[in-house]
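Each chain, letter by letter, is given below.
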Amino acid sequence: MKKIILLLSAAVVLISCSKVGKDEYIISGTATGIENGKTIILETQDANGMGLIAKDTVKVENGKFEMKGSITEPSFYTIQLEGAQAKIPFILENGEVTIAINKDSIQKSKVSGTYNNDEYVAFNEEITKVQKKLMDFQTKNMQAMNTAQQTKDTVVINKLMQEFSKIQEEVGAASKAKYVTYAETHPKAFISALIIQGMLNDPTADVAKSEKLYNSLEESLKKTKPGIAIKAKLAEMKMPAVGAAPAVGVPAAVEAK
């Protein structure tokens, strides 16, 4: 009997400690060194995907800020600090998202707290490693390229452009392989759905491979906006082209009179 009471007590404590209910979110932010009254803006893409719209705004108070609301599925959002040029991208979803703003370098701000945000951070770190060779080449040769352009030294310009293109191709192939591997090994991650959606925007996409990745996704991801878009795109890409000859063994449609 005592064991049952202890278990029930533990359950009550766990429930009471949970700040977030079903389909709810809390963004708990720290803004160390940022003056009181600075505005924090929560933004997402508009319905047409052509721009950003503000969904919520709060003021920094004593180096902290908090936003609350409801959301039914994961979606990409950004946090904009008043006066800063860069934005902080993250995935808004059910749960408590923690954002620590770095006022000296917005790109170094930290996001954590939910599964998809932890995965997003880890994924970006892996992609950064893959693309490091390209970034290093740009940093190393930026001055040489600027000088060559100023002096119209086409020999140096062409040489650097050829080297850059070669590395860019290598990094592009490595990045693409990393995307596919991630989607294969993370069927629960929202990023996987975005990766597959991006793959299908490529005219040379491997439809069979993309469909296999889509089928392996967790059912809840298939019901998100990217998941629904993937299903529709796959159906569209599998349809025979208008005017194409019927496949062997498939009778042509009877022409309507």
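Residues numbered from 1 in each chain as written. Predicted model: local features only at pLDDT ≥ 70, side-chain atom pairs only at ≥ 80, totals over all residues. Heavy atoms only, no water.

Naming follows an unreviewed UniProt entry, where the protein appears as DUF4369 domain-containing protein of Flavobacterium ranwuense.

The next thing to look at is the overall build of the protein. Helices and strands together make up the secondary structure of the protein, namely seven helices and eight strands. Residues counted as buried form 32% of the 257 residues belonging to the protein. Across the protein, contacts joining residues at least 24 apart in sequence account for 56% of those joining residues at least 6 apart. Summed over its atoms, the accessible surface of the protein is roughly 17,100 Å², and 58% of this surface lies on carbon and sulfur atoms. (Helix = DSSP H or I, 4+ residues; strand = E, 2+ residues; numbered from the N terminus. Buried < 20%, exposed > 50% of the residue type's maximum accessible area, 1.4 Å probe, protein only. Contact = heavy atoms within 4.5 Å. Areas by Shrake-Rupley, 256 points an atom, 1.4 Å probe, with all protein chains shown as cover.)

The next subject is the side chain of Thr44. With respect to the element layout, Thr44 can be found in strand β2 (residues 39–45). Its relative accessible area of 9% is what places Thr44 among the buried residues. A distance of 3.1 Å separates a polar side-chain atom of Thr44 from the backbone oxygen of Phe76. Sequence-distant contacts of Thr44, that is, excluding residues within four places in its chain, are made with Gly51, Leu52, Ile53, Lys55, Ser75, Phe76 and Tyr77. (Polar contact = N/O pair within 3.5 Å; in protein donor to acceptor, adjacent residues only side chain to side chain.)

Further remarks concern the packing of aromatic side chains. In total, this model carries five aromatic pairs according to the counting rule given. Seen from their ring centres, Phe76 and Tyr120 are 5.0 Å apart, and the 80° between their planes marks the pair as edge-to-face. Residue Phe76 is located in strand β5 (residues 75–81), and its partner Tyr120 is located in helix α2 (residues 115–151); the two are separated by 44 residues in the primary sequence. Residue Phe76 is classed as partly exposed on the basis of its relative accessible area, which comes to 29%. What makes Tyr120 buried here is its relative accessible area of 14%. Taken together through their ring pairs, the aromatic side chains of Phe76, Tyr120 and Phe190 make up a single cluster. Positioned above the aromatic ring of Tyr214 is the side chain of Lys222, whose terminal nitrogen or guanidinium carbon lies 5.2 Å from the ring centre. (Phe/Tyr/Trp six-rings, centres within 6.5 Å; stacked < 30°, edge-to-face > 60°. Lys NZ or Arg CZ within 6 Å of the ring centre and 35° of its normal.)

Reading across the sheet, the four strands line up as β4-β1-β7-β8 and stay open at both edges, with mixed pairing between neighbours. Each edge of the open sheet is held by one strand with a lone partner, namely β4 (64–70) and β8 (110–112). Along the sheet, successive strands turn relative to each other by an average axial angle of 15°, direction set aside. By the bridge criterion, three bridges tie strand β7 (residues 95–100) to β8 in an arrangement that is antiparallel. Among the inter-strand pairings, Ala100 is bridged to a residue of β8, identified as Lys110. (Pairing = 2+ DSSP bridges. Axes fitted to C-alpha atoms, helices over the stretch in contact; angles between N-to-C directions.)

Our next topic: the pairing of β2. Most of β2 is tucked away, with five of its seven residues classed as buried. In the sheet, β2 pairs with strand β3 (residues 52–59) via seven bridges, with the strands oriented antiparallel. When the bridges of β3 are listed, Leu42 appears paired with Asp56. Between β2 and the antiparallel strand that follows it, β3, lie six residues; Gly49 among them carries a positive phi value of about 70°. Pairing of β2 with β5, which is carried by four bridges, proceeds in the antiparallel orientation. Paired with Ile41 across the bridge in β5 is Gln80.

So, on to the pattern of salt bridges. In total, this model carries 14 salt bridges according to the counting rule given. Where Glu170 meets Lys133, a salt bridge forms, and the shortest distance between an N and an O atom there is 3.0 Å. On the criterion of sequence distance, the pair formed by Glu170 in helix α3 (residues 154–185) and Lys133 in helix α2 is long-range, its members being 37 residues apart. Residue Glu236 is joined to Lys233 by a salt bridge in which the shortest nitrogen-to-oxygen separation is 3.7 Å. Residue Glu236 and its partner Lys233 are both found in helix α7 (residues 225–238); the two are separated by three residues, about one turn of the helix. Within this structure, Glu126, Lys129 and Lys178 form a network of salt bridges that share partners. (Salt bridge = Lys/Arg side-chain N within 4 Å of Asp/Glu carboxyl O.)

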